[in-house]
Structure formats: structure tokens, C-alpha cells
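Commentary on secondary and tertiary structure
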Amino acid sequence: MAPITAFDTTGHSVRFAAEVKNFDPLKFVEKKESRKMGRFIHFALAASQEAMEHSGLKITPENCERVGVHIGSGIGGFDVIEREHSAMLEGGPRKISPFFIPAAIVNLAAGHVSIRYGAKGPNEATATACTTSAHSIGDAYRIIERGDADAMIAGGAEAAITPMGVGGFAAMRALSTRNEDPEHACRPFDKDRDGFVVGEGAGILILESLEFAKARGAHILAEVIGYGMSADAFHMTGMAPEGEGCYRSMKNAIKSAGLAPDQVDYVNAHATSTAVGDAMESKAIENLFGERASNHTLLVSSTKSMTGHLLGGAGGLEAGITIMAMQQQIAPPTANLAEVDPKCRLNYVPNTPVQAKIDIALSNSFGFGGTNGSLVFKRWTE
């Protein structure tokens, strides 16, 4: 977290964010093509390229119809919308770029990734606010599970660090206002937390059926074994009392995995550093995990304390972090946790990572409108 460099913050009540520094889209996209894309598409292409290279997956004429893409975004091309609106106000409708719409709409991240790799299987884009990536990964998992694809490129991307993006969230009083101390502004579960910090970027996973992965000799990192969803049906932006909606999302995910709650070792919490949200999620975890939550044997942390909140990209990034936690057998910390809020009563791995046995992990994502998603991962063993 640091002062914003993307635009002039004069007049803004919040002047810092978690920007992706020194990002050069021309490392991933040709210059001519990059001008036709919003920044969120640049991020999606960059993350997808890295994921594809790491996975070793090759899309060929023989398998292309069995490989799909499911990449979403909570907001899409906010930067493009603002830029083209200014152009119209200054020069009239004729100044609007012919690439305005395809550069801004949510599904073009998935579209461009599909085009780049020739993935001709299912092609979808989810837009469920901050739950977008979790839903994208979960829905891609279900697509493979029901036999409609053998592999899916899945996750989410977001680029909302713009004058309207930051200004809009600030107007809701959702953001931290620690302009003089941005490094310590995102402090989930801390008694002095005062809102989230807008981040940006993308998180992409390559999901494959076990048979397909083994047949090509893939280096398997983890298994997706459960996926749960729910709706709060309560409030436009607030969570249901005692986190009842996220409780059901986690319960559904664990049930989907065929597990009992006491088999989960680590929870990567959605916790964004808001007063109500962190407490409600903590209560939901308490209610679901019972004694393991109250005696602090269940490890819970919010990695947004270090990355900021990627909004529609958050669940993809956090799924990757959760998988890394299982691989390395290290629970990532909740940074900036100086004094735990009395309403938050779990083991939040404060400030320092800890070595731990993590075989089963759960990752939470919750969004405006009361949309919830939870993913369960299992450490891969032959």
C-alpha cells in the first residue's frame, strides 16, 4: 500500500491504494492490441500467460474444444469508461473510440484469453462483485466435474484504481483513510481497522480433470474438492447478522467436499478490514468450526492485509495463496494486527507466518448484494 500514482488524487479523501507497480502490458500484449483493452484485460492476459507457462498445458487442435476459459471481473474496464466519457464531453460522441465497448465489458478478459490460446471449450465470465473469482473457479470446477471440459483457465481480474473507482468506494466510507500511514492501513481483525484498501491485479488457475492432468504428466499443485455458494438475501452492501450467509457458504463447500468441519486446517478469510465484515465472518467461522475455532487450533488469516483488496480478482489471488500455503506447509499471516478486536476471537496468525500442517484449506469470498462463495482445496499427494 502506497500513495496512488495512477492519477492526481487532489481533492480525494483517500489518496493511497495497492497498485501493481511497474507493470508493462507490452511484455504480454502487442502495442497495437493493448490500446484496444482495458487494464483489467492486460492483467488477465499476463496472469493467464504465467499460469499457462507454469502448468505446461499446451492447447492443440486435438484438445482445443475440451479446454475452456472462465475469467470474470467485478467492474471491468472502469479506466476505459472514464477515459471515453471524458473524450465525449470534450469532443462529442464522434470522439468515442470504436474499441470502447470491447475494451470495457467484463467478458472480454475471458474472450481475449480464449483467442490467444485457441481455447474453444466453454467460455464464460462471472461478475459477482468481490466473489467473482471464487465463483469463476468454482463454476469451472463444476464444468469439468460434469464432463463439459477437460481443462479450464479460471479466475478473475480487476483494475479499479481510478478517480471514480477510488472516489466511489470512499463515498461509501468503505475505505481506510490512513493517508499518512498507508503501509499499515489494511488491518483485518484489528480493533482500529477503518476500511479496506483498493488493490488491483489478477489471479488465474489452470484446472484440469485428474485423468487429463495425469495423462499429460502435469505437475499437480492441489485438488479442488469442494465449492459452496449462498446468498445473504439481506442488504445491498451489509452482511447478514452473525455472518449467516457466509456460514452457509462455508458449510455448503465443506459438505460438497464430503468432509466434516474439523478436517479443515486453514481458512483464508475474505476479511477486508471493515468493522462489520471481519466480525461477521469471524462469528460465522466460530459457529461452523466450534471448538477448533474457539481453542485456536484452526488457523485463519487475511492475506488482504498484504495485497489490498483486488475486488473481483481477490478470490483468484487468494486461491493461489491458499494452495501455496498447503504446498509449503506455512500459514500466511494477517499483517498489521496490533490488537485484536474483542469481537474477533480466532487464531489469525498475527504478523508472522507459522509452520503448520495444512492438508485441507478453505478460501472465502463475499460480495456486495450478499453473494458468497467458498472453495475447498486439498494438498496433492500421489
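Our structure is the block above this text.
1. So, the sheet that holds strand S3 (residues 67-72)
If you trace the 4 strands from one edge of the open sheet to the other, you get S4-S3-S5-S6, paired in mixed fashion. Either end of the sheet is taken by a strand with one partner, and the two such strands are strand S4 (123-124) and strand S6 (201-208). Two strands pair when backbone bridges link them, and strand S5 (residues 151-158) and S6 are joined in this way by 8 bridges, in the antiparallel orientation. Along S6, the bridge assignment pairs Met152 with Leu207. Running over the sheet, helix H2 (residues 39-55) touches S3, S5 and S6 and is turned about 40° from S6.

2. Some details on the nonpolar core
Within the largest apolar cluster, 31 residues are counted, with the highest numbers of intra-cluster contacts made by Ile41, Leu57, Val69, Ile71 and Ile153. For this core, the elements supplying multiple residues, two or more each, are H2, S3, helix H5 (108-117), S5 and S6. Considering each element in turn, this core owes the most residues, 9 residues, to H2. If we ignore the near neighbours within four places in the chain, the residues touching Leu57 are Met52, Val67, Ala151, Ile206, Phe212 and Arg216. Counting 29 residues, the second largest nonpolar core, distinct from the first, contains Ile225, Ala253, Val264 and Cys344.

3. A look at the packing of aromatic side chains
The final tally for this structure, using the stated rule, is 4 aromatic pairs. Note on Phe23 and Phe43: the rings are 4.9 Å apart at their centroids and 55° apart in plane angle, and the pair reads as tilted. Linking Phe23 in the loop between strand S2 (16-17) and helix H1 (31-34) with Phe43 in helix H2, this pair joins segments that are 20 residues apart in sequence. Accessibility classification places Phe23 together with Phe43 in one group, the buried group. Consider the rings of Phe169 and Phe196, whose centres lie 5.4 Å apart with planes at 75°: the pair is edge-to-face. Residue Phe169 is located in helix H7 (residues 163-171), and its partner Phe196 is located in the loop between H7 and S6; the two are separated by 27 residues in the primary sequence. Assessed through its relative accessible area of 12%, Phe169 is described here as buried. By way of ring pairs, the aromatic residues Phe23, Phe28 and Phe43 are connected into one cluster.

4. Description of the sheet that holds strand S9 (residues 299-301)
Reading across from one edge, S7-S13-S12-S8-S9 is the order of the 5 strands in this open sheet, with mixed pairing throughout. Edge positions in the sheet fall to strand S7 (222-231) and S9, since each has one partner strand and no second. The sheet shows a mean angle of 20° between the axes of neighbouring strands, direction not considered. As defined by bridge partners, strand S8 (residues 266-268) adjoins strand S12 (residues 360-367) across 3 bridges and the pair is classed as parallel.

Parameters at a glance
All residue numbers refer to position in the chain's written sequence, counted from 1. Residues qualify for local features only when their pLDDT is at least 70, as the model is predicted, and side-chain atom pairs are given and counted only at 80 or more; totals for whole chains, interfaces and linings, by contrast, use all residues. For the side-chain quantities, the full set of heavy atoms in the structure was used; hydrogens and water were omitted. For two strands to be treated as a pair, DSSP must find no fewer than two bridges joining them. In DSSP terms, a helix is any run of H or I states spanning at least four residues, a strand is any run of E spanning at least two, and both are numbered starting from the N terminus. Only heavy atoms enter the contact rule, under which two residues are in contact if any of them lie within 4.5 Å. With axes taken as lines fitted to C-alpha atoms, and helix axes fitted only over the stretch in contact, angles between N-to-C directions fall between 0 and 180 degrees. Residues enter a nonpolar core if they are buried and are Ala, Val, Leu, Ile, Met, Phe, Trp, Tyr or Cys, with the set joined through side-chain atoms within 4.5 Å. Using a 1.4 Å probe on the protein chains alone, a residue whose accessible area is under 20% of its type maximum counts as buried, one over 50% counts as exposed, and one in between counts as partly exposed. By convention, a stacked pair of Phe, Tyr or Trp rings (six-membered ring in the case of Trp) has centres within 6.5 Å and planes under 30 degrees apart, an edge-to-face pair has planes over 60 apart, and any other such pair is tilted.

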